[in-house]
Amino acid sequence: MTEEKKKNETWEWIKALLIAFGLAAIIRIFLFTPIVVDGISMMPTLEHGDKMIVNKIGYTIGKPDRFDIVVFHAPEKKDYIKRVIGLPGDKVEYRDDILYINDQPYDEPYLDQYKAELTEGTLTEDFTLEEKIQTQTVPEGHVFVMGDNRRKSKDSRHIGAVPIDEIIGSTKFVFWPIKDFGMVE
């Protein structure tokens, strides 16, 4: 092989690698990114150490849906994983372990396992938004989030409503460990 051919081949490999790394960076920054669940606040839905894919598509325009599991930048300079309960303008309340949004009861089937295991009390204490965030409705541009492990979750009941622009994306797919592989609700 001539010296000129070697240089061309090397340059082609360098270009291919640069393009591959560039595409990977774009995908990770703008579309999808991996995250590891840290803690027990989303049990039984998610367990400590679960590795998930965060979908950033749609969150650049700020459109979370009720009951999405979202990843957001928390005040502690840490990323949290929680479930969206209240959307902007919603009145959120818990009475007798039942979620009421705008005075309508909502089922939360993802809590059934923990509710069945209770030996005393309720999974979610009674509260109104006014008691937790000093307003009757979720403020515009914010969401009210809660962990599924209601007794052991630092969420909007403690840190307040989460600005939508702090949401990184939603997550529904666990890819590791293999035993938990698949979609979560």
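That block above? That's the structure.
Residues numbered from 1 in each chain as written. Predicted model: local features only at pLDDT ≥ 70, side-chain atom pairs only at ≥ 80, totals over all residues. Heavy atoms only, no water.

J.: Explanation requested: the nonpolar core in the structure shown.
T.: Grouped burial of nonpolar side chains is what soluble globular proteins tend to show. Among the nonpolar cores identified, the biggest contains 16 residues, and Ile 85, Val 92, Leu 99, Leu 129, Phe 144 and Met 146 are the most heavily contacted of them. Those elements giving two or more residues to this core turn out to be strand 5 (92-95), strand 6 (98-101), helix 3 (129-133) and strand 9 (142-146). Look past the residues within four positions of Leu 129 in its chain and what remains in contact with it is Asp 90, Lys 91, Val 92, Gln 134, Thr 135, Gln 136, Thr 137, Val 138 and Phe 144. Counting residues in each nonpolar core, the second largest holds 12 residues, with Val 54, Val 71, Val 174 and Val 184 among its members. (Core = buried A, V, L, I, M, F, W, Y, C linked by side-chain atoms within 4.5 Å. Buried < 20%, exposed > 50% of the residue type's maximum accessible area, 1.4 Å probe, protein only. Helix = DSSP H or I, 4+ residues; strand = E, 2+ residues; numbered from the N terminus. Contact = heavy atoms within 4.5 Å.)

J.: I keep staring at the pattern of salt bridges and nothing clicks. Help me out?
T.: Where charged atoms from two side chains of opposite charge approach closely, those side chains can pair. Counted by the stated rule, this structure contains 9 salt bridges. The residue Lys 78 makes a salt bridge to Asp 38 at a minimum N-O spacing of 3.2 Å. Of the two residues, Lys 78 sits in strand 4 (residues 78-86) while Asp 38 sits in the loop between strand 1 (32-36) and strand 2 (51-55), which places them 40 residues apart along the sequence. Its relative accessible area of 55% is what places Asp 38 among the exposed residues. With a shortest N-O distance of 2.9 Å, Asp 155 and Arg 157 are connected by a salt bridge. Asp 155 sits in the buried class, given a relative accessible area of 0%. The structure contains a network of salt bridges with shared partners spanning Glu 125, Lys 132, Asp 155 and Arg 157. (Salt bridge = Lys/Arg side-chain N within 4 Å of Asp/Glu carboxyl O.)

J.: How should I be thinking about the sheet that holds strand 8 (residues 127-128) in this particular structure?
T.: The strands that make up a sheet are held in pairs by hydrogen bonds between backbone atoms, and each pair lies either parallel or antiparallel. Spatial strand order, 7-6-5-8: 4 strands in an open sheet with antiparallel pairing. Looking at strand neighbours, the two that pair on one side only are strand 7 (104-106) and strand 8, the edges of this open sheet. By the bridge criterion, 2 bridges tie strand 5 to strand 8 in an arrangement that is antiparallel. What sits directly across from Tyr 94, in strand 8, is Phe 127. (Pairing = 2+ DSSP bridges.)

J.: Is there a simple way to explain a negative patch on the surface in this structure?
T.: Together, Asp 96, Asp 126, Glu 130 and Glu 131 give the surface a local cluster of negative charge. Examined against the element boundaries, Asp 126 turns out to sit in the loop between helix 2 (112-117) and strand 8. With a relative accessible area of 46%, Asp 126 lands in the partly exposed category. (Patch = residues over 30% accessible without salt bridge, like charges linked within 9 Å, V, L, I, M, F, W, Y side chains within 5 Å. Areas by Shrake-Rupley, 256 points an atom, 1.4 Å probe, with all protein chains shown as cover. Lys, Arg positive; Asp, Glu negative; His and termini not counted. Charge placed at Lys NZ, Arg CZ, Asp CG, Glu CD.)

J.: I keep staring at the environment of Arg 83 and nothing clicks. Help me out?
T.: Within the secondary structure layout, Arg 83 lies in strand 4. Each C-alpha atom of the pair Arg 83 and Gly 147 lies 5.9 Å from the other, and the pair is 64 residues apart in sequence. Setting aside residues no more than four positions away along its own chain, Arg 83 makes contact with Met 42, Thr 45, Phe 67, Asp 68, Ile 69, Tyr 110, Phe 144, Val 145, Met 146, Asp 148 and Glu 185.

J.: In this structure, what is going on with a nonpolar patch on the surface? I would like to understand it.
T.: A cluster of nonpolar residues, Trp 11, Ile 14 and Leu 18, forms a patch on the protein surface that exposes about 320 Å² of accessible area. With respect to the helices and strands, the residue Ile 14 is situated in helix 1 (residues 3-31).

J.: In this structure, what is going on with the packing of aromatic side chains? I would like to understand it.
T.: What the rule picks out here adds up to 5 aromatic pairs. Ring geometry for Phe 67 and Tyr 106: centres 6.0 Å apart, planes at 55 degrees, overall tilted. Residue Phe 67 is found in the loop between strand 2 and strand 3 (69-74), and its partner Tyr 106 is found in strand 7; the two are separated by 39 residues along the sequence. Aromatic side chains Phe 67 and Tyr 110 sit 6.0 Å apart centroid to centroid with 55 degrees between the ring planes, which places their arrangement in the tilted category. Remark: Tyr 110 occurs in the loop between strand 7 and helix 2 and Phe 67 occurs in the loop between strand 2 and strand 3; sequence separation between them is 43 residues. Cluster of aromatic residues (ring-pair linked, three or more members): Phe 67, Tyr 106 and Tyr 110. One cation-aromatic arrangement involves Arg 95 over Tyr 100; the distance from NZ or CZ to the ring centre is 3.9 Å. (Phe/Tyr/Trp six-rings, centres within 6.5 Å; stacked < 30°, edge-to-face > 60°. Lys NZ or Arg CZ within 6 Å of the ring centre and 35° of its normal.)

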